[in-house]
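Now for the letters of each chain:
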Amino acid sequence: MVTHYFRNPEEALRRAKAAGRQPGCWYGGITLPSGKKGWAIYRGGKEVERYAVM
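Residues numbered from 1 in each chain as written. Predicted model: local features only at pLDDT ≥ 70, side-chain atom pairs only at ≥ 80, totals over all residues. Heavy atoms only, no water.

1. A short note on the overall build of the chain
Here is step 1: For the chain, the helix and strand inventory stands at one helix and four strands.
Here is step 2: If you list the helices and strands of the chain from N to C, you get β-α-β-β-β.
Here is step 3: Against the compact-globule benchmark of 10 Å for 54 residues, the chain has a radius of gyration of 10 Å, which places it among compact chains.
Here is step 4: Contacts in the chain between residues at least 24 apart in sequence constitute 34% of all its contacts with a sequence separation of at least 6. (Helix = DSSP H or I, 4+ residues; strand = E, 2+ residues; numbered from the N terminus. Rg over C-alpha atoms; globule rule 2.2 N^0.38 Å. Contact = heavy atoms within 4.5 Å.)

Below, the structure is given as structure tokens:
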């Protein structure tokens, strides 16, 4: 799993939406263990990427 960090939440959401458009993928909002917000990309029911806001 790969985690991408962004300072701008709009940029993180834009990238997550783009990644979620790939065939067989979707995205959803998450809260990381540190309490930070972000989005996760799922493929085949498993989390493959995270887009987190610093």
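2. Some words on the packing of aromatic side chains
Here is step 1: For the coordinates displayed, the defined rule picks out two aromatic pairs.
Here is step 2: Taken together, a centroid distance of 6.0 Å and an interplanar angle of 20 degrees make the contact between phenylalanine 6 and tyrosine 51 stacked. Note that phenylalanine 6 is positioned in strand β1 (residues 2-6) and tyrosine 51 in strand β4 (residues 46-53), a separation of 45 residues in sequence. Like phenylalanine 6, the residue tyrosine 51 is buried in the burial classification.
Here is step 3: Judged by centre distance (6.0 Å) and plane angle (25 degrees), the ring pair of tryptophan 26 and tyrosine 42 falls under stacked. With a gap of 16 residues between them, tryptophan 26 in strand β2 (residues 25-31) and tyrosine 42 in strand β3 (residues 37-43) connect regions that are remote in the sequence. (Phe/Tyr/Trp six-rings, centres within 6.5 Å; stacked < 30°, edge-to-face > 60°. Buried < 20%, exposed > 50% of the residue type's maximum accessible area, 1.4 Å probe, protein only.)

3. Examining the pattern of salt bridges
Here is step 1: According to the stated counting rule, one finds three salt bridges in the structure shown.
Here is step 2: Ionic pairing is found between arginine 14 and glutamate 11, a salt bridge with its closest N-O pair at 2.7 Å. Taken together, the residues arginine 14 and glutamate 11, both in helix α1 (residues 9-20) and three residues apart, mark about one turn of the helix.
Here is step 3: On the basis of relative accessibility, which here comes to 22%, the residue glutamate 11 falls in the partly exposed class. (Salt bridge = Lys/Arg side-chain N within 4 Å of Asp/Glu carboxyl O.)

4. Remarks on the nonpolar core
Here is step 1: If you look at the biggest cluster of nonpolar residues, it comprises nine residues: Phe6, Ala12, Ala16, Ala19, Cys25, Trp39, Ile41, Tyr51 and Val53.
Here is step 2: For this core, the secondary structure elements donating two or more residues are α1, β3 and β4.
Here is step 3: Looking at this core element by element, the count peaks at three residues for α1.
Here is step 4: Among residues more than four places away in sequence, those in contact with alanine 16 are Tyr27, Trp39, Ile41 and Tyr51. (Core = buried A, V, L, I, M, F, W, Y, C linked by side-chain atoms within 4.5 Å.)

All we've got here are geometric facts, nothing functional implied.
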